[in-house]
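Descriptive structure summary
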Amino acid sequence: MSEQKIFATNEIIFSEGDLGDCAYLIEKGSVLVYLVKDEVEIPLKYLGEGEVFGEMSLIDCSPRSASCRAITESQLIIVKKEQLLNRIQEADPVVRLLMKVLLERLRTQNEQISGKKGQKKQAPDISLLQEKKQALDRIGLESRIAHGVDQNEFVPFYQPIVDIHTGKIVGCEALVRWISKEYGVISPSAFMDVVEESSQILKVGKLIIEKSLIDLPILRSVFSHEKNFFISINVSGRQFADPQFILHLEAARARGRLSSQQIKLELTERIMTAGPQALATLQSCRDLGYRLAIDDFGTGFSSLQYIAQMPLTDLKIDRSFVTKMRADKKYLSVVQSLISLAQSLDLNIIAEGIELQEELELLQQLQVNMGQGFLFSKALPLDEFLQLARRRKKIA
Ligand code: C2E
Ligand code: CA
Ligand code: CA
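The sections below set out a description of the structure shown in this document. (Residues numbered from 1 in each chain as written. Chains lettered and ligands numbered in written order. Predicted model: local features only at pLDDT ≥ 70, side-chain atom pairs only at ≥ 80, totals over all residues. Heavy atoms only, no water.)

**Structural notes on the packing of aromatic side chains**
On inspection of all chains with the given rule, the structure shows 12 aromatic pairs. Taking the centre distance of 5.4 Å and the plane angle of 75 degrees together, the rings of F154 and F191 count as edge-to-face. Taken as a pair, F154 in strand β9 (residues 154-163) and F191 in the loop between β11 (184-186) and α5 (192-197) lie far apart in primary sequence, 37 residues in all. Classification of F154 as buried rests on a relative accessible area of 0%. Of the residues examined, F191 reaches a relative accessible area of 1% and is grouped as buried. Each ring, one from W178 and one from F191, has its centre 5.8 Å from the other, and the planes form 85 degrees; the classification is edge-to-face. Linking W178 in strand β10 (residues 169-180) with F191 in the loop between β11 and α5, this pair joins segments that are 13 residues apart in sequence. The exposure classification of W178 matches that of F191, with both residues buried. (Phe/Tyr/Trp six-rings, centres within 6.5 Å; stacked < 30°, edge-to-face > 60°. Helix = DSSP H or I, 4+ residues; strand = E, 2+ residues; numbered from the N terminus. Buried < 20%, exposed > 50% of the residue type's maximum accessible area, 1.4 Å probe, protein only.)

As structure tokens, then:
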């Protein structure tokens, strides 16, 4: 049960300068928040049932910037520090910053009214300054990303996917790069988290689909001998949850007169958290003939139940397993289990992050079909990818 407290008429609830360790929710009665200037009370706000007060000190851990007393007998629910602090810590850093900026403004206003401006100034809190910097960096990055999207600076690079038994390039994965006028070529690790958490993912995702499907006929003309040549495109849960997703995908496919079977959509287990619309879209994509690969399998909250429910065609073995499988028997067992799981579900297997000849040879023995990794090539811009393909239609 929540803790309650009753204050008599005119009883002081807290005074300016007190350390605030709780906020209050008014269940019954009414209170006045006020300042004192030259021993005269300056009313700031009258509050009644259902309203909250005293939260400012909890949010920025500063002393009370105003006083409060009951106007009538008041029954108050105590809101404890921990109840709010956990939520504030978990909030988006930008929201947290904006909240603190608003509080600072309110406190300054109160100081101006009471004429005590600057009196309570404390040494700046280092963690607060760091938090501010992080939040400002984040806002700055979000703005630069939005500008980059408008300036058409996000493009797909292509990494070959190889049949590991014949060495032939059988497809490629489109991997986004940000070609920034300021900073040059930027990899997804520097911006994808921010893109994923903002609505920009829908714009960036749409751009990558459109651009890679414009490039696919060019790629296919170079790989005309490889009639099943495919392109793999990473699609996040939020894109699948967007009701416009299939319309955009189908429009881009129709413009290039492409077959859906040449297009593989890569999704991660996180799609399970994107809601029922995302799963329905997944099924519709499969019904339309798109191939569906589960990416980074085994690195998230894998559930075999999910993988059996999803209409998949391919399973990608994450780089972390490929890198460790030679030195650590446990990882080799995981890789073997993933392979037999994929085989029993009739899925193609693609091993990621192959860097060494020894890794390739082991994967060949393990009956993996396809692979990608720096041993073959890193992701390249379209023209360099085409040069690579022309130079050696057969690699490895
Ligand atoms: P991912 O889908 O798992 O892509 C594979 C990543 O591993 C790529 O990093 C690739 O460059 C890298 N890689 C491939 N072979 C090797 C190797 O042999 N060694 C090492 N060390 N790395 C290798 P990249 O391009 O930095 O992309 C990182 C992640 O960003 C991707 O991981 C994917 O989750 C995300 N991403 C990239 N492009 C898109 C996109 O267009 N849309 C979405 N939603 N996500 C994308
Ligand atoms: Ca991928
Ligand atoms: Ca992956």
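The rest of the description comes next.
**Points about the environment of P43**
On the secondary structure map, P43 appears in strand β5 (residues 40-47). In the structure, P43 is positioned 25 residues away from C68 in sequence and 9.6 Å away in space, judged by C-alpha atoms.

**Side note on the coordination of the calcium ion (ligand 3)**
Looking at the metal site, the calcium ion (ligand 3) is ligated by D295 (OD), D296 (OD), E352 (OE) and E352 (OE), spaced 2.2 to 2.4 Å from it. Here the donor residues of the calcium ion (ligand 3) share one chain and are spaced in sequence as D-D-x55-E. The calcium ion (ligand 2) is placed at 4.2 Å from the calcium ion (ligand 3), the two being bridged by D295. (Donors = N, O, S within 2.8 Å, 3.2 Å for Na, K, Ca; no water.)

**Examining the site of ligand 1**
Around ligand 1, the surrounding shell holds 21 residues, and the nearest of these are V176, R177, D295, E355 and F374. At a separation of 3.0 Å, an oxygen atom of ligand 1 approaches a polar side-chain atom of N234. The side chain of D296 places a nitrogen or oxygen atom 3.3 Å from an oxygen atom of ligand 1. Protein contact buries 81% of the 800 Å² of open area that ligand 1 shows by itself. One can see that ligand 1 is located within the largest pocket. At the level of secondary structure, the elements contributing two or more residues to the shell around ligand 1 comprise β10, α5 and β14 (291-297). (Near = heavy atom within 4 Å. Polar contact = N/O pair within 3.5 Å; in protein donor to acceptor, adjacent residues only side chain to side chain. Areas by Shrake-Rupley, 256 points an atom, 1.4 Å probe, with all protein chains shown as cover. 1 Å grid on protein atoms, 1.4 Å probe; cavity = no way out; pocket = protein on both sides within 12 Å on 5 of 7 lines; lining within 4 Å. Sits in = over half its atoms within 2 Å of the grid points.)

**Side note on the coordination of the calcium ion (ligand 2)**
Protein coordination of the calcium ion (ligand 2) is provided by E173 (OE), N234 (OD1), E266 (OE) and D295 (OD), with donor distances spanning 2.1 to 2.3 Å. Positions of the donor residues of the calcium ion (ligand 2) along the chain correspond to the pattern E-x60-N-x31-E-x28-D.

**Digging into empty space enclosed by the protein**
Any space left empty among the atoms is revealed by the rolling of a water-sized probe across them. All chains considered together, the criterion is met by 2 cavities of 30 Å³ or more. Counted as a void, the largest cavity has a volume near 50 Å³. Every residue lining the largest cavity is listed: L202, G205, K206, I209, Q239, D242, F245 and H248. Put simply, the parts of the chain that give the lining of the largest cavity at least two residues each are α6 (200-222) and α8 (245-255). Here the lining of the largest cavity takes 4 residues from α6, the largest share from any one element. Here the residues of the lining of the largest cavity are counted per class, giving 3 nonpolar, 3 polar and 2 charged. (Points joined across faces, edges and corners; volume = space filled by probe spheres on them. Nonpolar A, V, L, I, M, F, W, Y, C, P; charged D, E, K, R; others polar.)

**A short note on helix α9 (residues 276-287)**
Between the first and last C-alpha of α9 there are 17 Å, a value that for 12 residues agrees with the 16 Å anticipated at 1.5 Å per step. Inspection of α9 places A278, T281, L282 and C285 among the buried residues, and these make up the whole buried set. Buried positions in α9, seen along its axis, are confined to an arc of 105 degrees and lie on one side of it. Those residues of α9 that are exposed and aimed more than 90 degrees away from the buried face are P276 and D287. On the buried face of α9, the contacting elements are α7 (237-241), α8, β13 (263-267) and β14. (Expected span 1.5 Å × (residues − 1). Arc of directions from axis to C-beta. Contact = heavy atoms within 4.5 Å.)

**Considering α8**
The complete set of buried residues in α8 reads F245, L249, A252 and R253. The buried residues of α8 occupy an angular sector of 100 degrees when the element is viewed end-on, so they sit on one face. Among the exposed residues of α8, those oriented more than 90 degrees off its buried face are L247 and R255.

**Some words on the sheet that holds strand β6 (residues 52-53)**
What links the strands of a sheet is backbone hydrogen bonding, and the strands pair in either a parallel or an antiparallel sense. Taken in spatial order, the 4 strands make up an open sheet running β1-β8-β3-β6, and their pairing is antiparallel. At either margin of the open sheet sits one strand with a lone partner, and together these are β1 (4-7) and β6. As paired strands, strand β3 (residues 22-28) and strand β8 (residues 74-80) are joined by 6 bridges and run antiparallel to one another. Residue K28 lies in a different strand from β8, and its bridge partner there is Q75. (Pairing = 2+ DSSP bridges.)

**As for unusual backbone geometry**
Phi is positive for N10, which is not a glycine, with a value near 70 degrees. Structurally, N10 can be placed in the loop between β1 and β2 (12-14).

**Things to note about the sheet that holds strand β7 (residues 67-70)**
Across the sheet, which stays open at both edges, the 4 strands sit in the order β2-β7-β4-β5 with antiparallel pairing between neighbours. Each of the sheet's edge strands pairs with one partner strand only, and the pair in question is β2 and β5. Between one strand axis and the next, the sheet turns by 35 degrees as a mean value, whatever way the strands run. The strands touched by helix α3 (residues 93-114) within the sheet are β4 (31-37) and β5, with β4 carrying the most contacts at an inclination of about 55 degrees. (Axes fitted to C-alpha atoms, helices over the stretch in contact; angles between N-to-C directions.)

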